[in-house]
Amino acid sequence: MEVRAITRYLPISPQKLRLVCDKVRGMDAEEALVVLRFMPQKGSDIVSKTLNSAMANAVNNFDLNREELYVSQIYAGDGPTLKRFKAGARGRYKPRLKRTAHLWVMVAEREEED
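For clarity, every value in this text was computed on a predicted model and none was experimentally measured.

Rules of the game
Residues numbered from 1 in each chain as written. Predicted model: local features only at pLDDT ≥ 70, side-chain atom pairs only at ≥ 80, totals over all residues. Heavy atoms only, no water. Phe/Tyr/Trp six-rings, centres within 6.5 Å; stacked < 30°, edge-to-face > 60°. Helix = DSSP H or I, 4+ residues; strand = E, 2+ residues; numbered from the N terminus. Lys NZ or Arg CZ within 6 Å of the ring centre and 35° of its normal. Axes fitted to C-alpha atoms, helices over the stretch in contact; angles between N-to-C directions. Parallel < 35°, antiparallel > 145°, perpendicular 65-115°, else oblique. Left-handed = near helix turned anticlockwise from the far one by under 90°. Contact = heavy atoms within 4.5 Å. Nonpolar A, V, L, I, M, F, W, Y, C, P; charged D, E, K, R; others polar. Pairing = 2+ DSSP bridges. Salt bridge = Lys/Arg side-chain N within 4 Å of Asp/Glu carboxyl O. Buried < 20%, exposed > 50% of the residue type's maximum accessible area, 1.4 Å probe, protein only.

A.B. asks: Explain the packing of aromatic side chains to me, please; I cannot follow it from the model alone.
C.D. replies: How two aromatic rings sit relative to each other is set out by the distance from centre to centre and by the angle between their planes. Throughout the structure, instances matching the rule amount to 2 aromatic pairs. Summarising the aromatic geometry, the rings of tyrosine 75 and tryptophan 104 are spaced 5.1 Å apart at their centres and angled 25° between planes, so their arrangement reads as stacked. With tyrosine 75 in strand E2 (residues 69–78) and tryptophan 104 in strand E5 (residues 101–109), this residue pair connects regions lying 29 residues apart in the sequence. When the ring centre of tyrosine 70 is taken as origin, the NZ or CZ atom of arginine 110, which lies over that ring, is 4.1 Å away.

Shown next as structure tokens:
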């Protein structure tokens, strides 16, 4: 059973968030939290909070064992882009795109191998 947590409208570009997501995909959930704690990227804090939320959903709502959880799926998608501008030289317009992202984290319980 997969349990998910979604965080939307994050003030970070999806490209930067995907770099962090690729590091923890498929890891045990507890191990992923340790890896995220020591990563220098801004997105690691965001992914860590969402992963904690998904784990709490699994434990509290579905009575899954916290030690058996792993990150089954994790991905970041595009959110709405805020279009702003900055004045350039000689009266020109310099666009600034402030990108946002949506983050999905799915955790599942490991199946026992026979």
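A.B. asks: Any chance you could explain the packing of helix H1 (residues 14–24) against helix H3 (residues 43–62) here in plain terms?
C.D. replies: A pair of packed helices can be characterised by two numbers: the angle between their axes and the separation between those axes. One way to put it is that H1 packs onto H3 with a least axis distance of 9 Å and a crossing angle of 60°. One finds that H1 runs oblique with respect to H3. Relative to H3, H1 is oriented so that their crossing is right-handed. Side by side, H1 and H3 meet where Leu17, Val20 and Cys21 of the first sit next to Gly43, Ser44 and Val47 of the second. Taken together, the residues of the contact of H1 with H3 sort by class into 4 nonpolar, 2 polar and no charged.

A.B. asks: Is there a simple way to think about the pairing of strand E4 (residues 93–98) in this case?
C.D. replies: Remark: a regular strand shows side chains that alternate across the two faces of the sheet. Two elements, strand E3 (residues 82–87) and E4, share 6 bridges in a ladder whose sense is antiparallel. Across the sheet, residue alanine 87 finds its bridge partner in E4, namely tyrosine 93. Joining the antiparallel neighbours E3 and E4 is a turn of 5 residues, in which arginine 90 adopts a positive phi near 55°.

A.B. asks: I would appreciate a short explanation of the pattern of salt bridges in the present structure.
C.D. replies: Working definition: two side chains of opposite charge can pair if their charged atoms are close together. Taken as a whole and assessed by the stated rule, the structure comprises 4 salt bridges. When the shortest N-O distance is used, the salt bridge between aspartate 28 and arginine 110 registers 3.1 Å. Within this pair, whereas aspartate 28 is found in the loop between H1 and helix H2 (29–37), its partner arginine 110 is found in the segment after E5, the two being separated by 82 residues in sequence. Judged by relative accessible area, which is 31%, aspartate 28 ranks as partly exposed. A salt bridge links glutamate 30 to arginine 66, with the shortest nitrogen-to-oxygen separation between them at 2.8 Å. One end of the pair, glutamate 30, is in helix H2; the other, arginine 66, is in the loop between H3 and E2, and 36 residues separate them in sequence. Using a relative accessible area of 31% as the deciding quantity, one classes arginine 66 as partly exposed.

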